[in-house]
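# Chain and residue survey
Okay, here's what each chain looks like letter by letter:
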Amino acid sequence: MKSFGALLALLTLAIAGPVAQYSREQFPMELPTSHPGYSLDLGEMRLVELEGQAPMWVSELDKIHLKAKGVSFLDVTDTQDLGRLQRLRTQASYPSPNATEKVKPILETLSTEGPKENLEKFTSFRTRYYRSETGRESQQWLLQRISKARLSTFTLDSSLTILVQITAETASKSLRKLISVNEFPHSWGQNSIIVRINGSSTTDDGVVVISAHQDSTNMWPFLPAPGADDDGSGTVTILEAYRGLIAADFHPVRAVEFHWYSAEEGGLLGSQAVAQAYEQRSANIIAMSQFDMTAWVKRGTREEVGIITDFVDPGLTNFNKELVTTYLNIPYVELYSYFFSLSASWRKAGYPSSFTIESSFENSNKNIHSVNDRIDISDEFSFSHMLEFSKLAVAFAVELGGWTE
């Protein structure tokens, strides 16, 4: 196995990408190497894949250093078969937006109140790191927030109040019969969450996926990580879109799924596991849209939607641009070179994927992966900006999922 020093020397020359702006200094020796409730062994060996490189074995500590150096990677230890079963699929086509009479009334019902309430709670966990006890607790809170269940079966402390459950309190009786809310189990304990609204078609088995990642991390994972923007913002953004859709009694023609992935910060572990499972059962994913960081508007800059244009599906990406132009109050900016994002898991399986982010990379939030990734860190953290992304998610669902009359 290559030494970590040699690995970094090679990768520093071979790999350049926008995530390099998030590099940190070498970690001081006094940092803790454990914390109550964690199941992280820094010496555990993992198989990682980097852009343009053959998979190689590195330790969990090496992964942390790679992330600190701005080197993106996939941890493929448990998903080495992902992409090997790709079958010839019919290329999906994406017509120009044509469901404005259905979409626009829903957009008027979206609000910043729910996202703010949800994100305040979601960031109150010490960390949502996927190998921590509070990471598991935050996932369970999110599951219960979405689902029909009651929080009385899950209590963090005696002061916890029963929150309104979005599916149970918002969806009509007929719509609730179409909705399933499930955990996708992972060995590390923090599970991914998959919400499915079944479609009415008996001939079209296509599935539309809208996703975010629920976990957070500090650059040194044993430290607190509120993760307000990365990716608490994306998590509550698509949750608000889901709420708006079911409040509008959205009965899709094609199935529409909302995914909240675990362990993105560990090397896209959760999204790879889900994508591999879908690939193995030959699921017909016609479009996947990722929402990762949706809250930041840098002071003095133009408010905009960042649309990644490489390592994604060109047709779906162009469709996303049209959605922004048709339904949002702000423009988009094209971005390049973001190889390993959640969409990479689906692209590796041969499914069309797209990826939107809060701004251009140079104007994005530099507080991520730290204790300062908080709602109250700056007035640059904007819930009204997040609302534009909720609109985009609603439009994506209706335009591609269709509407059963």
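Refer to the structure presented above.
Since the structure is predicted, the reported quantities are computational estimates derived from the model, not experimental observations.

### What to know about empty space enclosed by the protein
- Here the structure, examined in full by the defined rule, presents 5 cavities of 30 Å³ or more.
- There is about 120 Å³ of room inside the second largest cavity.
- Lining the second largest cavity are 13 residues, and of these Ile64, Lys67, Tyr129, Thr217 and Glu265 sit closest to its centre.
- Here the lining of the second largest cavity is composed, by residue class, of 6 nonpolar, 3 polar and 4 charged.

### Comments concerning the pattern of salt bridges
- Counted according to the given criterion, the structure contains 21 salt bridges.
- Ionic pairing is found between aspartate 379 and arginine 299, a salt bridge with its closest N-O pair at 2.5 Å. Taken together, the residues span a long stretch of sequence, with aspartate 379 in the loop between strand 11 (353–357) and helix 12 (383–401) and arginine 299 in the loop between strand 8 (285–291) and strand 9 (305–308) at a distance of 80 residues.
- The exposure class assigned to aspartate 379 is exposed, which follows from its relative accessible area of 61%.
- A salt bridge links lysine 321 to glutamate 334; the nearest nitrogen and oxygen atoms lie 2.5 Å apart. Within this pair, whereas lysine 321 is found in helix 10 (residues 314–327), its partner glutamate 334 is found in strand 10 (residues 332–335), the two being separated by 13 residues in sequence.
- Counted as one network, the salt bridges with shared partners bring together Glu44, Arg46, Glu60, Lys63, Asp75, Asp78 and Arg131.

### Things to note about the packing of helix 8 (residues 228–247) against helix 12
- Running from amino to carboxyl end, helix 8 crosses helix 12 at an angle of 50°, the nearest separation of the two axes being 8 Å. Of the possible angle classes, the one that applies to helix 8 and helix 12 is oblique. Read as a crossing pair, helix 8 and helix 12 show a hand that is right-handed. Here helix 8 contributes Ser233, Val236, Thr237, Glu240, Ala241 and Leu245 to the contact with helix 12, which in turn contributes Met386, Phe389, Ser390, Ala393, Val394, Ala397 and Val398.
- When its residues are assigned to classes, the contact of helix 8 with helix 12 shows 9 nonpolar, 3 polar and 1 charged.

### So, the pairing of strand 6 (residues 207–213)
- Extensive coverage of strand 6 is indicated by the burial of 7 of its 7 residues.
- Here strand 6 shows no split at all, with Val207, Val209, Ser211 and His213 on one side and Val208, Ile210 and Ala212 on the other all buried.
- Pairing of strand 6 with strand 7 (residues 255–261) involves 7 bridges; the strand directions are parallel. Residue pairing for strand 7: serine 211 is matched across the bridge by histidine 259.
- Taken together, strand 6, helix 8 and strand 7 constitute a β-α-β crossover, and its handedness is right-handed.

Calculation criteria
Residue numbers run consecutively from 1 along every chain, following the written order of its sequence. Under the rules for a predicted model, residues below a pLDDT of 70 receive no local features and side-chain atom pairs below 80 are neither given nor counted, while totals for whole chains, interfaces and linings still include all residues. Only hydrogens and water are set aside; all other atoms, that is, all heavy atoms of the structure, feed into the side-chain values. The rule is simple: put a 1 Å grid over the protein atoms alone, call a set of points where a 1.4 Å probe fits but cannot get out a cavity, call an open set with protein on both sides within 12 Å along at least five of seven lines a pocket, and count a residue as lining if it has an atom within 4 Å of a point. Grid points are joined across faces, edges and corners, and a volume is the space filled by probe spheres set on the points. Three categories are distinguished: nonpolar for Ala, Val, Leu, Ile, Met, Phe, Trp, Tyr, Cys and Pro, charged for Asp, Glu, Lys and Arg, and polar for the others, with Gly belonging to the last. Salt bridge criterion: a side-chain nitrogen from Lys or Arg within 4 Å of a carboxyl oxygen from Asp or Glu. Strands here are runs of E lasting at least two residues and helices are runs of H or I lasting at least four, both read from the DSSP assignment and numbered beginning at the N terminus. Buried, partly exposed and exposed residues are distinguished by accessible area as a fraction of the type maximum, computed with a 1.4 Å probe on protein chains only: under 20%, between the cut-offs, and over 50%, respectively. Here, axes are lines fitted to C-alpha atoms. For helices the fit covers the stretch in contact, and angles between N-to-C directions go from 0 to 180 degrees. Here the angle decides the label: under 35 degrees means roughly parallel, over 145 means roughly antiparallel, 65 to 115 means roughly perpendicular, and every other value means oblique. Take the far helix as your reference; a near helix turned counterclockwise from it by less than a right angle gives a left-handed crossing, and one turned clockwise gives a right-handed crossing. Only heavy atoms enter the contact rule, under which two residues are in contact if any of them lie within 4.5 Å. Pairs of strands are assigned from DSSP output, requiring at least two bridges between the strands. Seen with the strands pointing away from the viewer, any crossover whose path from the first strand over the helix to the second strand runs clockwise is right-handed.

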